[in-house]
Amino acid sequence: MAAVEARGVSLTFQTADGPVHALKDVTLTIGKGDFVSFIGPSGCGKTTFLRAMAALEQPTAGRLSVNGMTPDEARRRRAYGYVFQAPGLYPWRTISGNIALPLEIMGFSRAERASRIARVLELVELSGFAGKYPWQLSGGMQQRASIARALAFDAEILLMDEPFSALD
């Protein structure tokens, strides 16, 4: 089974100035274990396609599947992690609390959450910052915390939208 399969996917936004064709007839198959980068100029549809895979945008034509499911079903089953261009951390939660959020939602035990948080914080070199709040970290450190959050629950697919642009 393919990790991601798109068949004739198009997405058109209706605007006051007329339709904007963000995606047109995208057809591709991404196998499990593949590493894929979408490269192109600004405005060519890279982010829109990622958002469609994550069920954040709805294609206007074609068929899209993620791990054999619709994008919406994959979202509900937490079949992927998503790292946005901007960190998207909750300012009232510590870094540890932000990373814990999907684990809490998924029902991981307190001990398992603590273990996973420690592992991913070490992985992104933020071990000493678990108790800090996002505003206490640099932009690059916040982005590393966002990456840690996406890695914490071992999703089969990791969708990343320019995740390293704010990193040194």
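Quick note: structure is the one above.
Bear in mind the structure is a predicted one, so any value in this text is a computation, not a measurement.

Draft legend 1. Highlighting the overall build of the protein. For the protein, the helix and strand inventory stands at five helices and five strands. Counting helices and strands in the order they occur from the N terminus, the protein gives β-β-α-β-α-β-α-α-α-β. The C-alpha radius of gyration of the protein comes to 17 Å, within 12% of the 15 Å expected for a compact globule of 168 residues. Residue burial in the protein is summarised as follows: out of 168 residues, 42% are buried. Intrachain contacts of the protein at a sequence separation of at least 6 include 62% that bridge at least 24 residues. A total of about 9,500 Å² of accessible surface is found on the protein, and carbon and sulfur atoms cover 53% of it. When the 18 basic and 16 acidic side-chain charges of the protein are each reduced to a single mean position, those positions are 6 Å apart.

Draft legend 2. The arrangement of unusual backbone geometry in detail. With a phi close to 55 degrees, asparagine 67 is a non-glycine residue in the positive phi region. Considering the arrangement of structural elements, one finds asparagine 67 in the loop between strand S3 (61–66) and helix H2 (71–76). Unlike most non-glycine residues, aspartate 154 shows phi in positive territory, near 55 degrees.

Draft legend 3. How the structure looks around the packing of helix H3 (residues 95–105) against helix H5 (residues 139–151). Running from N to C, H3 and H5 point in directions that differ by 30 degrees, and their axes come no closer than 8 Å. The angle between the axes of H3 and H5 places the two elements in the roughly parallel class. Every pair of crossing elements has a handedness; the one defined by H3 and H5 is right-handed. Facing H3, whose interface residues are Ile95, Asn98, Ile99 and Pro102, H5 presents Ala145, Ala148 and Arg149. Per-class residue counts for the contact of H3 with H5 are five nonpolar, one polar and one charged.

Draft legend 4. Here's a closer look at the pattern of salt bridges. Per the counting criterion, the structure on display carries ten salt bridges. Residues aspartate 72 and arginine 76 are paired through a salt bridge, measuring 2.3 Å at the closest nitrogen-oxygen approach. Taken together, the residues aspartate 72 and arginine 76, both in helix H2 and four residues apart, mark about one turn of the helix. Taking relative accessible area as the criterion, arginine 76 reaches 47% and is therefore assigned partly exposed. Arginine 93 is the partner of glutamate 104 in a salt bridge, and the nearest nitrogen-oxygen pair spans 2.9 Å. Linking glutamate 104 in helix H3 with arginine 93 in the loop between strand S4 (80–83) and H3, this pair joins segments that are eleven residues apart in sequence. Through salt bridges with shared partners, a single ionic network connects Glu112, Arg116, Arg119 and Asp154.

Conventions adopted
- Residues numbered from 1 in each chain as written.
- Predicted model: local features only at pLDDT ≥ 70, side-chain atom pairs only at ≥ 80, totals over all residues.
- Heavy atoms only, no water.
- Helix = DSSP H or I, 4+ residues; strand = E, 2+ residues; numbered from the N terminus.
- Rg over C-alpha atoms; globule rule 2.2 N^0.38 Å.
- Buried < 20%, exposed > 50% of the residue type's maximum accessible area, 1.4 Å probe, protein only.
- Contact = heavy atoms within 4.5 Å.
- Areas by Shrake-Rupley, 256 points an atom, 1.4 Å probe, with all protein chains shown as cover.
- Lys, Arg positive; Asp, Glu negative; His and termini not counted.
- Charge placed at Lys NZ, Arg CZ, Asp CG, Glu CD.
- Axes fitted to C-alpha atoms, helices over the stretch in contact; angles between N-to-C directions.
- Parallel < 35°, antiparallel > 145°, perpendicular 65-115°, else oblique.
- Left-handed = near helix turned anticlockwise from the far one by under 90°.
- Nonpolar A, V, L, I, M, F, W, Y, C, P; charged D, E, K, R; others polar.
- Salt bridge = Lys/Arg side-chain N within 4 Å of Asp/Glu carboxyl O.

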